[in-house]
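Per-entry structural report
Spelled out, the chains give:
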Amino acid sequence: MSMDHPVARNQNWQFPALGSFWAVYGIIRLLMALCLLIYAATATLMFGALLSRVADPFLLMGIFHLLYVAFVVLSVICGVVGLVAGLALLGGHRSGRKLALIAGVLSLCDIPLGITLGIYTLVALLPIRDLQFYAPSGQMSQYDEPTREVKQKRAVAA
């Protein structure tokens, strides 16, 4: 990765806009987990009302509880990781990039805010190794380092 790439140029690993977005997203996900816990009885009652005419309502209610608990746990994990990643990116810590990438992958199941922030984070922070495949006419991209063979051919030609 050359020094022209935004991730390589930002050597102090400080991304203020992305960090603030992740901090806000983390708080939103923690509030969502809190609301899910507060309204669990209401959600169970509403789902149970739909099960009056099925063959085995207890099995479906058990599956509902399992999925509900899994969603609450996922919301808490996404909230904590997003908040910590946001604070690390704001503080300029090197671990902020890795935490933001983890938070970006975890947030892809949350539509529309999580998927938007997750895809932007993955595009902005992932290392770019294969840009030569996407460069016009198959030539090397401006971000790619020349290989040892290319450097030797240039030295011989000069």
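Above this text you will find the structure in question.
Residues numbered from 1 in each chain as written. Predicted model: local features only at pLDDT ≥ 70, side-chain atom pairs only at ≥ 80, totals over all residues. Heavy atoms only, no water.

Here the focus is unusual backbone geometry. Note the cis peptide between Ile111 and Pro112, where omega equals -5°. Inspection of the secondary structure puts Pro112 in the loop between helix H5 (95-106) and helix H6 (113-125). (Helix = DSSP H or I, 4+ residues; strand = E, 2+ residues; numbered from the N terminus.)

Along the chain, the position of Ser75 falls in helix H4 (residues 57-91). A distance of 3.3 Å separates the side chain of Ser75 from the side chain of Arg29, its partner in a polar contact. The contact partners of Ser75, leaving out residues within four places of it in the chain, are Arg29, Met32, Ala33 and Leu36. (Polar contact = N/O pair within 3.5 Å; in protein donor to acceptor, adjacent residues only side chain to side chain. Contact = heavy atoms within 4.5 Å.)

At a minimum axis distance of 11 Å, the contact between helix H2 (residues 16-38) and H6 shows a crossing angle of 150°. Considering the relative orientation of H2 and H6, their crossing is left-handed. Contact with H2, carried on its side by Leu18, Phe21, Trp22, Tyr25 and Ile28, involves Leu113, Gly114, Leu117, Gly118, Tyr120, Thr121 and Leu125 of H6 and no other residues of that element. Residues belonging to the contact of H2 with H6 are distributed by class as follows: 9 nonpolar, 3 polar and no charged. (Axes fitted to C-alpha atoms, helices over the stretch in contact; angles between N-to-C directions. Left-handed = near helix turned anticlockwise from the far one by under 90°. Nonpolar A, V, L, I, M, F, W, Y, C, P; charged D, E, K, R; others polar.)

Taken by themselves, the reported measurements are silent on function.
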